[in-house]
Amino acid sequence: MLNPQAPTPMSIARRFLQAAVLLIATAVLSGCNLLVLNPPGDVAARQGQLIIVATVLMLIVIVPVIALTLLFAWRYRASNREATYKPDWDHSTQLELVIWGIPLLIIIALGAITWISTHLLDPFRPLDRISEGRPVPADVKPLEIQVVALDWKWLFVYPEEGVATVNEIAVPVDRPVHFSITSSSVMNTFYVPALAGMIYGMPGMKSELNAVINAPGVYDGFSANYSGAGFSHMRFKFHGMSDADYQHWLNDVRTSELSLTRAAYLELEKPSEREPVRHFARVDNGLFDAVLNRCVDTDRLCANAMMAIDSTGGLGLEGLKPLAQPRRGDPRLGAYVSAAVCSVNDSVPQSLAGPVIGMKAP
């Protein structure tokens, strides 16, 4: 006999609907703004739309499965003597078509969307629009910003302006920005949720990001990849500004008394936490390329020089003579030789006698 106090399917559905309405009303009344799904940057906005589309497609399977699970649990409960009982049933062609056909169609749709969006939202691909219905003007050149992830702060170099900042970026609204991203020691991710998805920065490698911000404001940026003790405070501010405000900000940076020389960079590179915003009015030429090739310290042979030597078959021990000469003609500085051009079993001939960095005779 059925329990008259047991909840009916209608009462369960009614309670579920009431709870859903309450949650939605709470979110709306609290003024909740999910930045990832409603960002002011066009690239991030398209990525947010992709998340919504993928979620909706997956819910086409998830929601019916949850609903049918609850329905079957209720309909075929032990106390329901009126439920159909078919112990010999084991196959239904119609049911198999539904179970396998719908997920297959969803996977095909997700695959097509993923393939298309992977190319359209490729971070290396130059932007073709500022926002929906607004193509990039032919005479507009992207703003170049070079990004270096340090322990545990961010360095931003504006090569066209000849200035640099620590833990602060400013860009004009509606102007494409091209970021070149690397790291000084360990892998980090450059992430401004309002601008675009996260891009990894790795030592000795350069990543790129093309993006645009469409609304003025101050937005948070940070590293989303754990990189050690100071990771929690590895944050910066991203300023979207009008053209006039951006020029005013640049003029303010140029009034700084600091210069980012190679020596200053080597000091800045040392691990530190909670670094304040700093501006550098002058930057040494080629600093980012030196960071990328691991040779800001002039005692090191640049990675691209090593690769150029290796691409020609290596120098051999006799070919190391030019590299074994004192740097800049000063005997006190010694010489540098890449250990990559020798094996551990090779000996250094007497002709290379003298202080050599990067190779040691066995």
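Whatever comes next refers back to the structure up there.
An account of the accompanying structure is given in this report.

Scoring rules and cut-offs
- Residues numbered from 1 in each chain as written.
- Predicted model: local features only at pLDDT ≥ 70, side-chain atom pairs only at ≥ 80, totals over all residues.
- Heavy atoms only, no water.
- Helix = DSSP H or I, 4+ residues; strand = E, 2+ residues; numbered from the N terminus.
- Buried < 20%, exposed > 50% of the residue type's maximum accessible area, 1.4 Å probe, protein only.
- Areas by Shrake-Rupley, 256 points an atom, 1.4 Å probe, with all protein chains shown as cover.
- Salt bridge = Lys/Arg side-chain N within 4 Å of Asp/Glu carboxyl O.
- Disulfide = S-S within 2.5 Å.
- Core = buried A, V, L, I, M, F, W, Y, C linked by side-chain atoms within 4.5 Å.
- Contact = heavy atoms within 4.5 Å.
- 1 Å grid on protein atoms, 1.4 Å probe; cavity = no way out; pocket = protein on both sides within 12 Å on 5 of 7 lines; lining within 4 Å.
- Points joined across faces, edges and corners; volume = space filled by probe spheres on them.
- Nonpolar A, V, L, I, M, F, W, Y, C, P; charged D, E, K, R; others polar.
- Pairing = 2+ DSSP bridges.
- Axes fitted to C-alpha atoms, helices over the stretch in contact; angles between N-to-C directions.
- Parallel < 35°, antiparallel > 145°, perpendicular 65-115°, else oblique.

### What to know about the overall build of the protein
Phase 1 of the analysis: Looking only at helices and strands, the protein features seven helices and 17 strands.
Phase 2 of the analysis: Expressed as a percentage of its 362 residues, the buried residues of the protein come to 35%.
Phase 3 of the analysis: In the form shown here, the protein has an accessible surface area of approximately 21900 Å², with 63% of it arising from carbon and sulfur atoms.

### So, the pattern of salt bridges
Phase 1 of the analysis: Evaluation of the coordinates by the stated rule reveals eight salt bridges.
Phase 2 of the analysis: Residues arginine 129 and aspartate 42 are paired through a salt bridge, measuring 2.9 Å at the closest nitrogen-oxygen approach. A residue pair is termed long-range when its members are at least 10 positions apart, and arginine 129 in strand S1 (residues 129-131) and aspartate 42 in helix H2 (residues 42-75) qualify at 87 residues.
Phase 3 of the analysis: Judged by relative accessible area, aspartate 42 falls into the buried class, the value being 6%.
Phase 4 of the analysis: Residue glutamate 275 pairs with arginine 278 through a salt bridge whose shortest N-O separation is 2.4 Å.
Phase 5 of the analysis: Among the residues examined, arginine 278 registers a relative accessible area of 27% and is labelled partly exposed.

### Considerations on the state of the cysteines
Phase 1 of the analysis: The final tally for this structure, using the stated rule, is one disulfide.
Phase 2 of the analysis: The partner cysteine of cysteine 295 in its disulfide is cysteine 302, sulfur to sulfur 1.9 Å. Its S-S torsion of approximately 85 degrees makes the covalent link between cysteine 295 and cysteine 302 right-handed.

### A few points about the nonpolar core
Phase 1 of the analysis: Core analysis: the biggest nonpolar cluster contains 38 residues, and Ile145, Phe156, Tyr158, Ile169, Phe179, Phe190 and Phe238 have the highest contact counts within it.
Phase 2 of the analysis: Going through the elements one at a time, strand S3 (143-150), strand S4 (153-158), strand S6 (168-172), strand S7 (177-183), strand S10 (207-211), strand S12 (235-241) and helix H4 (243-254) are the ones with two or more residues in this core.
Phase 3 of the analysis: Not counting residues up to four positions away in its chain, the partners in contact with isoleucine 169 are Ile145, Phe156, Tyr158, Phe179, Phe190, Phe236, Lys237, Phe238 and His239.
Phase 4 of the analysis: Residues Leu260, Tyr265, Leu268 and Val283 belong to the second largest nonpolar core, which totals 17 residues.

### A short note on the environment of proline 176
Phase 1 of the analysis: Residue position: proline 176 is located in the loop between S6 and S7.
Phase 2 of the analysis: Residue class for proline 176 comes out buried when judged on its relative accessible area of 5%.
Phase 3 of the analysis: Spatially, the C-alpha atoms of proline 176 and lysine 141 are 7.4 Å apart, while their sequence positions differ by 35 residues.
Phase 4 of the analysis: Not counting residues up to four positions away in its chain, the partners in contact with proline 176 are Leu127, Val136, Val140, Pro142, Leu143, Ala211 and Val212.

### Re the layout of surface pockets
Phase 1 of the analysis: Space inside the largest pocket adds up to approximately 660 Å³.
Phase 2 of the analysis: What lines the largest pocket is a set of 16 residues, and nearest its centre among them are Leu68, Phe72, Leu95, Val98 and Ile99.
Phase 3 of the analysis: Listed by contribution, the elements that provide at least two residues to the lining of the largest pocket are H2 and helix H3 (93-120).
Phase 4 of the analysis: No other element matches the six residues that H2 contributes to the lining of the largest pocket.
Phase 5 of the analysis: Looking at the lining of the largest pocket, its residues break down into 14 nonpolar, one polar and one charged.

### What to know about the sheet that holds strand S14 (residues 278-280)
Phase 1 of the analysis: Strand order in the open sheet formed by six strands is S10-S7-S3-S4-S5-S14, with mixed pairing between adjacent strands. The sheet terminates laterally at S10 and S14, the two strands that pair on one side only. Adjacent strand axes in the sheet meet at a mean angle of 20 degrees when their direction is disregarded.
Phase 2 of the analysis: Across five bridges, the pairing between S3 and S4 is antiparallel. Its bridge partner lying in S4, alanine 149 is registered against tryptophan 154.
Phase 3 of the analysis: Docked against the sheet, H4 engages S3, S4, strand S5 (163-166) and S14, running at close to 90 degrees with respect to S5.

### Details of the sheet that holds strand S8 (residues 188-191)
The strands that make up a sheet are held in pairs by hydrogen bonds between backbone atoms, and each pair lies either parallel or antiparallel.
Phase 1 of the analysis: Here five strands make up an open sheet; going across it, the order is S6-S12-S11-S8-S9 and the pairing mixed. One side of each edge strand has no neighbouring strand; the edge strands of this open sheet are S6 and strand S9 (199-201). Shown here is a sheet whose adjacent strand axes are inclined to one another by a mean of 25 degrees, direction ignored.
Phase 2 of the analysis: Relative to strand S11 (residues 217-223), S8 runs antiparallel, the two sharing two bridges. When the bridges of S11 are listed, phenylalanine 190 appears paired with serine 223.

### Examining the pairing of S11
Phase 1 of the analysis: Pairing between S11 and S12: six bridges, direction antiparallel. If you follow glycine 221 over to S12, its bridge partner there is phenylalanine 236.

### Description of the packing of H2 against H3
Phase 1 of the analysis: Here H2 crosses H3 at 170 degrees, and the two axes come no closer than 9 Å. Comparing their axes, H3 and H2 come out roughly antiparallel. Along its contact with H2, which presents Leu50, Val53, Ala54, Leu57, Met58, Ile60 and Val61, the element H3 presents Ile102, Pro103, Ile106, Ala109, Leu110, Ile113 and Ser117.
Phase 2 of the analysis: Residues belonging to the contact of H2 with H3 are distributed by class as follows: 13 nonpolar, one polar and no charged.

### Some points on unusual backbone geometry
Phase 1 of the analysis: In this chain, aspartate 151 is followed by tryptophan 152 through a cis amide linkage whose omega measures -10 degrees.
Phase 2 of the analysis: With respect to the element layout, tryptophan 152 can be found in the loop between S3 and S4.
Phase 3 of the analysis: Phi is positive for asparagine 167, close to 60 degrees, though the residue is something other than glycine.
Phase 4 of the analysis: With respect to the helices and strands, the residue asparagine 167 is situated in the loop between S5 and S6.
Phase 5 of the analysis: Note on asparagine 167: relative accessible area 6%, which makes it buried.
Phase 6 of the analysis: A positive phi angle, close to 65 degrees, is found at aspartate 174, a residue other than glycine.
Phase 7 of the analysis: One can find aspartate 174 in the loop between S6 and S7.

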